[in-house]
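Residues per chain, in single letters:
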Amino acid sequence: MPDIMTPFGLAIDLETGDMVAATNRLVRRASDMRGYYADAEALDRLIQEQDDPLHYEVFELPVPPENGQLMYCISKLQPGQVGQEFFMTKGHYHSVSATAEIYLCLAGRGYMVMKTAEGKWATEEMMRGRMVYVPPHWAHRSVNTDANETLVSFCVYPGDAGHNYGDIEREGLGKRVFQRGGDIVLE
Ligand code: PA5
Ligand code: NI
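Residues numbered from 1 in each chain as written. Chains lettered and ligands numbered in written order. Predicted model: local features only at pLDDT ≥ 70, side-chain atom pairs only at ≥ 80, totals over all residues. Heavy atoms only, no water.

(A) Highlighting the site of ligand 1. Surveying the vicinity of ligand 1 reveals 16 residues, the closest of which are Tyr56, Gly91, Glu101, Tyr103 and Tyr165. Contact distances for ligand 1 include 3.3 Å between an oxygen atom and a side-chain N or O atom of serine 75. Isolated, ligand 1 exposes 370 Å² of accessible area, and the fraction of that covered by the protein chains is 98%. Residue assignment for the shell around ligand 1 shows that the elements contributing at least two residues are β2 (54-60), β3 (70-77), β6 (101-107) and β11 (151-158). Looking at the shell around ligand 1, its residues break down into seven nonpolar, six polar and three charged. (Near = heavy atom within 4 Å. Polar contact = N/O pair within 3.5 Å; in protein donor to acceptor, adjacent residues only side chain to side chain. Areas by Shrake-Rupley, 256 points an atom, 1.4 Å probe, with all protein chains shown as cover. Helix = DSSP H or I, 4+ residues; strand = E, 2+ residues; numbered from the N terminus. Nonpolar A, V, L, I, M, F, W, Y, C, P; charged D, E, K, R; others polar.)

Right, dumping it as structure tokens:
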């Protein structure tokens, strides 16, 4: 008989995403994003001129990374641009590719950009109160298109899903999101 886990509850501020009980805080700064943006020189300038600014944070109170568990987190992606490209997360497939994920956007505005290994791609708008379902086998990346607000989401995915960053680092997500003359453009 396996050990039976004890149920628990915790508070999440639905305006700010603050999850006070979180024990893990993953921080990605601009310098962690080398190789991800179209304009590498603009990223270098940002790192130098703005003292390697915060890019995004992920907060977790982890559960065992096992089949049957549900991992959950709060993701906070800062507003900003690298050249004309909006700030984004690295993006990943799950290591167990046949696992889905749910994102519930709590604040801000942006897009979830998704693709399959076969080259299909899709986007979904993210805004407060909107949920995005990322099906199994779809790589996913969030992009903050707001000028000022942090893009805050609550994410839930299978405990054993894992993160595979290498493929997206090599392939990209198929589409990038730019600001071109006041318009938000996917290219
Ligand atoms: O599991 C997820 O998809 C999210 O929690 C992401 O990990 C989070 O948004 C950060 O993005 P990434 O893992 O691509 O750096
Ligand atoms: Ni994921």
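Additional details are given in the paragraphs that follow.
(B) Quick look at the nonpolar core. Ranked by internal contacts, the top residues of the largest apolar core, which has 45 residues, are Tyr37 and Leu43. Only α1 (40-49), β2, β3, β6, β7 (109-115), β9 (131-134), β10 (139-144) and β11 provide two or more residues apiece to this core. In terms of residues, this core owes the most to one element, β3, which gives five residues. Apart from residues lying up to four places away in sequence, leucine 43 is in contact with Ala30, Met33, Arg34, Tyr37 and Val82. (Core = buried A, V, L, I, M, F, W, Y, C linked by side-chain atoms within 4.5 Å. Buried < 20%, exposed > 50% of the residue type's maximum accessible area, 1.4 Å probe, protein only. Contact = heavy atoms within 4.5 Å.)

(C) Region of interest: the packing of aromatic side chains. The final tally for this structure, using the stated rule, is one aromatic pair. With centroids separated by 6.3 Å and ring planes inclined at 45°, the aromatic side chains of tyrosine 72 and phenylalanine 154 adopt a geometry described as tilted. Of the two residues, tyrosine 72 sits in strand β3 while phenylalanine 154 sits in strand β11, which places them 82 residues apart along the sequence. By relative accessible area, which is 10% here, tyrosine 72 ends up buried. Cation over ring: arginine 28 sits above tyrosine 165, and NZ or CZ is 5.4 Å from the ring centre. Positioned over the ring face of phenylalanine 178 is arginine 180, at 4.0 Å from the centre of the ring. (Phe/Tyr/Trp six-rings, centres within 6.5 Å; stacked < 30°, edge-to-face > 60°. Lys NZ or Arg CZ within 6 Å of the ring centre and 35° of its normal.)

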